Amino acid sequence: MFSALSDLFPVPIVQAPMAGGVSRPQLAAAVSEAGGLGFLAAGYKTADGMYQEIKQLRSLTGRPFGVNLFMPQPDYADPAAVDVYRNQLAGEAAWYGTELGDPDSGRDDGYDAKLAILLDDPVPLVSFHFGCPTPEVLESFSRAGTLTMVTATTVEEAQVVQRAGADAVLVQGVEAGGHQGTHRDNPENDAAGIGLLSLITQVRESVRLPIVAAGGMMRGAQIAGALAAGAQAAQLGTAFLVTPESGANALHKDALTNPLFVRTELTRAFSGRPARGLVNRFMREHGPYAPAAYPQIHHLTSGLRKAAAAAGDPQGMALWAGQGHRLARELPAGQLVEVLAAELDAAKAALSAEAGS
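Scoring rules and cut-offs
Residues numbered from 1 in each chain as written. Predicted model: local features only at pLDDT ≥ 70, side-chain atom pairs only at ≥ 80, totals over all residues. Heavy atoms only, no water. Helix = DSSP H or I, 4+ residues; strand = E, 2+ residues; numbered from the N terminus. Rg over C-alpha atoms; globule rule 2.2 N^0.38 Å. Buried < 20%, exposed > 50% of the residue type's maximum accessible area, 1.4 Å probe, protein only. Contact = heavy atoms within 4.5 Å. Areas by Shrake-Rupley, 256 points an atom, 1.4 Å probe, with all protein chains shown as cover. Pairing = 2+ DSSP bridges. Axes fitted to C-alpha atoms, helices over the stretch in contact; angles between N-to-C directions. Parallel < 35°, antiparallel > 145°, perpendicular 65-115°, else oblique. Nonpolar A, V, L, I, M, F, W, Y, C, P; charged D, E, K, R; others polar. Left-handed = near helix turned anticlockwise from the far one by under 90°. Phe/Tyr/Trp six-rings, centres within 6.5 Å; stacked < 30°, edge-to-face > 60°. Expected span 1.5 Å × (residues − 1). Salt bridge = Lys/Arg side-chain N within 4 Å of Asp/Glu carboxyl O.

Visitor: Report on the overall build of the protein, specifying residues and quantitative values.
Guide: Within the protein, the secondary structure is distributed over 15 helices and 11 strands. For 357 residues, the compact-globule formula gives about 21 Å, and the C-alpha radius of gyration of the protein, at 19 Å, lands near that figure. Its C-alpha atoms put the protein at 60 × 45 × 40 Å along the principal axes. For the protein, buried positions account for 57% of its 357 residues. Within the protein, counting contacts between residues at least 6 apart in sequence, those at least 24 apart form 69% of the total. In the form shown here, the protein has an accessible surface area of approximately 14,300 Å², with 52% of it arising from carbon and sulfur atoms.

Visitor: Can you tell me about the sheet that holds strand 1 (residues 13-15), naming the residues and giving the values?
Guide: Taking strand neighbours across the sheet as the criterion, the eight strands line up as 1-9-8-6-5-4-3-2 in an open arrangement whose pairing is parallel. A strand with exactly one partner marks an edge of an open sheet, and here the two such strands are strand 1 and strand 2 (38-41). Adjacent strand axes in the sheet meet at a mean angle of 25° when their direction is disregarded. Both strand 6 (residues 168-172) and strand 8 (residues 211-214) contribute to a ladder of four bridges, which runs parallel. Bridge pairing in strand 8 places Q172 opposite A214.

Visitor: Account for the packing of helix 6 (residues 111-120) against helix 7 (residues 135-144), naming residues and giving values.
Guide: Packing of helix 6 against helix 7 leaves a shortest axis separation of 10 Å and a crossing angle of 20°. Relative to helix 7, the element helix 6 lies roughly parallel. Of the residues in helix 7, those touching helix 6 at Y111, L115, L118 and L119 are V137, S140, F141 and A144. Here the contact of helix 6 with helix 7 is built from residues that sort into seven nonpolar, one polar and no charged.

Visitor: An account of the packing of helix 2 (residues 25-33) against helix 3 (residues 47-60) is requested, with residue identities and associated values reported.
Guide: At a minimum axis separation of 9 Å, helix 2 and helix 3 run at an interaxial angle of 40°. Classed by the angle they form, the pair helix 2 and helix 3 counts as oblique. Judged by the twist between their axes, the crossing of helix 2 over helix 3 is right-handed. Across the interface between the two elements, P25, Q26, A28, A29 and E33 from helix 2 touch E53, Q56, L57 and L60 from helix 3.

Visitor: Summarise the packing of aromatic side chains; cite the residues concerned and give the values.
Guide: This structure, assessed with the given rule, holds six aromatic pairs. Here Y44 and F70 contribute two aromatic rings whose centre-to-centre distance is 5.2 Å and whose plane-to-plane angle is 80°, an arrangement assigned as edge-to-face. Here the residue Y44 occupies a position in the loop between strand 2 and helix 3, and F70 occupies one in strand 3 (residues 65-70), the gap between them amounting to 26 residues. Using a relative accessible area of 9% as the deciding quantity, one classes F70 as buried. Between the aromatic rings of F270 and W320, the centroid separation amounts to 5.7 Å while the plane-to-plane angle is 90°, which identifies the pairing as edge-to-face. With F270 in the loop between strand 10 (264-267) and strand 11 (275-278) and W320 in the loop between helix 14 (296-310) and helix 15 (333-356), this pair connects stretches of sequence that are 50 residues apart.

Visitor: Can you tell me about the environment of Q159, naming the residues and giving the values?
Guide: Along the polypeptide, Q159 turns up in helix 8 (residues 155-164). Of the residues examined, Q159 reaches a relative accessible area of 29% and is grouped as partly exposed. For the pair Q159 and S206, spaced 47 residues apart in the sequence, the C-alpha separation amounts to 7.3 Å. With residues up to four places along the chain from it excluded, the contact list for Q159 reads S206 and V207.

Visitor: Describe in detail helix 15, supporting the description with residues and values.
Guide: In an α-helix there are 3.6 residues to a turn, and that puts residues three or four apart on one side. Taking 1.5 Å per residue, 24 residues should reach 34 Å; helix 15 reaches 35 Å between its end C-alpha atoms and fits that length. What helix 15 keeps buried is the set A333, G334, L336, V337, L340, A341, L344 and A347. Packing partners of the buried residues in helix 15 comprise strand 1, helix 2, helix 10 (220-229), strand 9 (233-236) and helix 11 (238-241).

Visitor: Account for the pattern of salt bridges, with residues named and values stated.
Guide: Considering all chains together, one arrives at 11 salt bridges under this definition. Its salt-bridge partner being K45, residue E53 comes within 3.7 Å of it at the nearest N-O pair. K45 shares its class with E53; the two are buried. Residue R329 is joined to E343 by a salt bridge in which the shortest nitrogen-to-oxygen separation is 2.6 Å. Taken together, the residues R329 in the loop between helix 14 and helix 15 and E343 in helix 15 connect sequence positions 14 residues apart. Owing to a relative accessible area of 19%, R329 belongs among the buried residues under this scheme.

These results come straight from atomic positions and should not be treated as a statement about function.
Written out as C-alpha cells, the structure is:
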C-alpha cells in the first residue's frame, strides 16, 4: 500500500493541512510542484468553499494533492460550562469592540456535503482529523480511487484506523502545532501526549499501515529521524506557515521567531479542544478555565480572534505553532521542500557513512 501512497509524492514531505485560511491553493500547489504533497484544509469552510479551492488548486498544478476533513463531533459539552466561559470572555469582547459568537453554530463542519463532493469528483488523497470515519465511508473512497489517511495520537487510535480500512495513518506527536487529532476529547488525557519518535515506534510495532509522521519537525535531519523510526513520510505544518504562499496572518508569521513568544503550550482557550500554540496573554488568562467543548468554544471565540488580528494584537490571537517554531525559515514553499529534501539526503548519507565506518 505504501507504493500507492508514495507514488503521489516523490519527496517524502507532506505539507500539513492548516485550517483557518493558512493552507491556500497557492501553498499546496507550490509544495506539490516541488515533489512533496500539498494539502488543502476543508475545516471551517463550506462544502462549496472547499470545492472552489479544489478547482483553483487544479488550475495551478497537475500534481497530486490531498484534502483534509474534520470529523463531526459528539455533543458532550456542558452548556453551563460554556455559559460560564462566555461570561468570562465578556471583557474581551468589550475590549476588542466585537460580539461573542454563537457556540451552537454547528458540530459537523458540513461533513456529509463535503463527502458527497469528494466522492463525486475524487481527489488523490483525503485525510481525516478528530476521529475515524466508518469503514463504509473509507470503502466508498477506495471505490472512487481515492487514498485515505486518518490521524492517530495513540496506538489504540492507530489500531482503530487500521480496522476501519484506511490506507495510511498520520501519527501525530504531542510536539505538533495546532489541534491534537485525538479521536475522543477526554480532559483527563490533556497531559498524556506521546512524543513523536516514541509514538512512531509503538505504532510501527502494532499496525501494518504506512505511517506519515507529524510533530514539530523543521529540518531534514528530523525527517530522517522519523523515517528511521519507521515512518514513510513526514508532515510539516509550522515550517510552511511562514512561507509567502501561506495564508497565515502576518502577525502570526512574525510571532514564530519573535523573542517575545518564548514557548508553546497545549490549550483549550480558543477552541475547547487541546491545541498547541505560542503562549500569549489570552492563553495565560483564559486557558486554565476553558471547558472541553469543541467546536462550541471555537465558534464563541471566532469574532474575538478576528478582532484581535484586525487590531494588530497578537496577544489575543490563536498563534498555532509546533515546538520547533524558532527554526522557521522564510523561504518560498517550493524552495523549502528542496532545502528539506537536500537536508534529508545529507542526513541519510551521514548515517550510512557512520554505519560503514
